[in-house]
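Fold and geometry: a report
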Amino acid sequence: MATRMLLLADTHLPKRAKVLPAEVWDAVDAADVVVHAGDWVDVALLDELEERSARLVAVWGNNDHGELRERLTEVARVEVEGVRFGVVHETGDAKGRERRCAAAYPDLDVLVFGHSHIPWDTTTDTGLRLLNPGSPTDRRRQPHCTYLTLTVDAGELHDVTLHRLPPR
C-alpha cells in the first residue's frame, strides 16, 4: 500500500511568515506521513502539526530552543514501506555533502535535511538519496518558497515532486 509523504523544513514561524500557506495545510491533510527537518522557531506549529498530521516525524534545528529541543530529537529515523528514512536539520556545506552524509548515515536509504532553504535532490555513490524541501515560508535567495511530496511503495520512492508556492 503506497504511503504519501510531505517533506517540510525551515518554517521559521512566526518570524518569516505568520502561518503556513493553505496549500501546505492541504498537503498535510493529504499526507500519511509529514516530515519536518527543523527550524520551527515556535512550538505552536509543532502542536498544530501533531494535531493535524496522521503521523509526524520531526527534528529540531539550530534556531529551535527550549520546549522544541525538549520535545524533538536532533536526528530521527523511521522506516516507511521498507525505505529507511533519516531526518536531520544540518548537513554542512554543499561541497562534499554526498560523501559526508553517506559516511555518517550508512544505515539509511533517504536522508531529509533542511537549514539551507535550498531544495536539494541527489543520490550518493552508496545509493543514499538526499532530499531538502527548501522552505514553504522563507525563500531567502531562491525564486520560490517550496516543499516536497512523494509516495513510497514496496521499498521505492515515487513521484518525488518539488512544489513551488506562489509569491505572497
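Procedures and definitions
Residues numbered from 1 in each chain as written. Predicted model: local features only at pLDDT ≥ 70, side-chain atom pairs only at ≥ 80, totals over all residues. Heavy atoms only, no water. Pairing = 2+ DSSP bridges. Helix = DSSP H or I, 4+ residues; strand = E, 2+ residues; numbered from the N terminus. Axes fitted to C-alpha atoms, helices over the stretch in contact; angles between N-to-C directions. Core = buried A, V, L, I, M, F, W, Y, C linked by side-chain atoms within 4.5 Å. Buried < 20%, exposed > 50% of the residue type's maximum accessible area, 1.4 Å probe, protein only. Contact = heavy atoms within 4.5 Å.

Some points on the sheet that holds strand β8 (residues 129–132)
- Strands sit in the order β4-β5-β6-β8-β7 across an open sheet of five strands; the sheet is mixed. Both edges of this open sheet fall to β4 (75–80) and β7 (120–123), since each of them pairs with a single strand only. Averaged over all pairs of adjacent strands, the angle between strand axes in this sheet comes to 15°, irrespective of strand direction.
- Pairing of strand β6 (residues 110–112) with β8, which is carried by three bridges, proceeds in the parallel orientation. Along β8, the bridge assignment pairs Val-110 with Arg-129.

Observations regarding the nonpolar core
- Of all hydrophobic cores here, the largest spans 22 residues; its most connected members are Leu-6, Trp-40 and Leu-49.
- Mapped by element, the contributors of at least two residues to this core are β1 (3–8), α1 (22–30) and α2 (43–52).
- Take this core: its biggest share by element is four residues, from α1.
- Contacts of Leu-6, omitting those with residues within four sequence positions, involve Val-24, Ala-27, Val-28, Ala-31, Val-33, Val-34, Val-35, Tyr-147, Leu-148 and Thr-149.

Everything listed here is a matter of geometry and, on its own, says nothing about what the molecule does.
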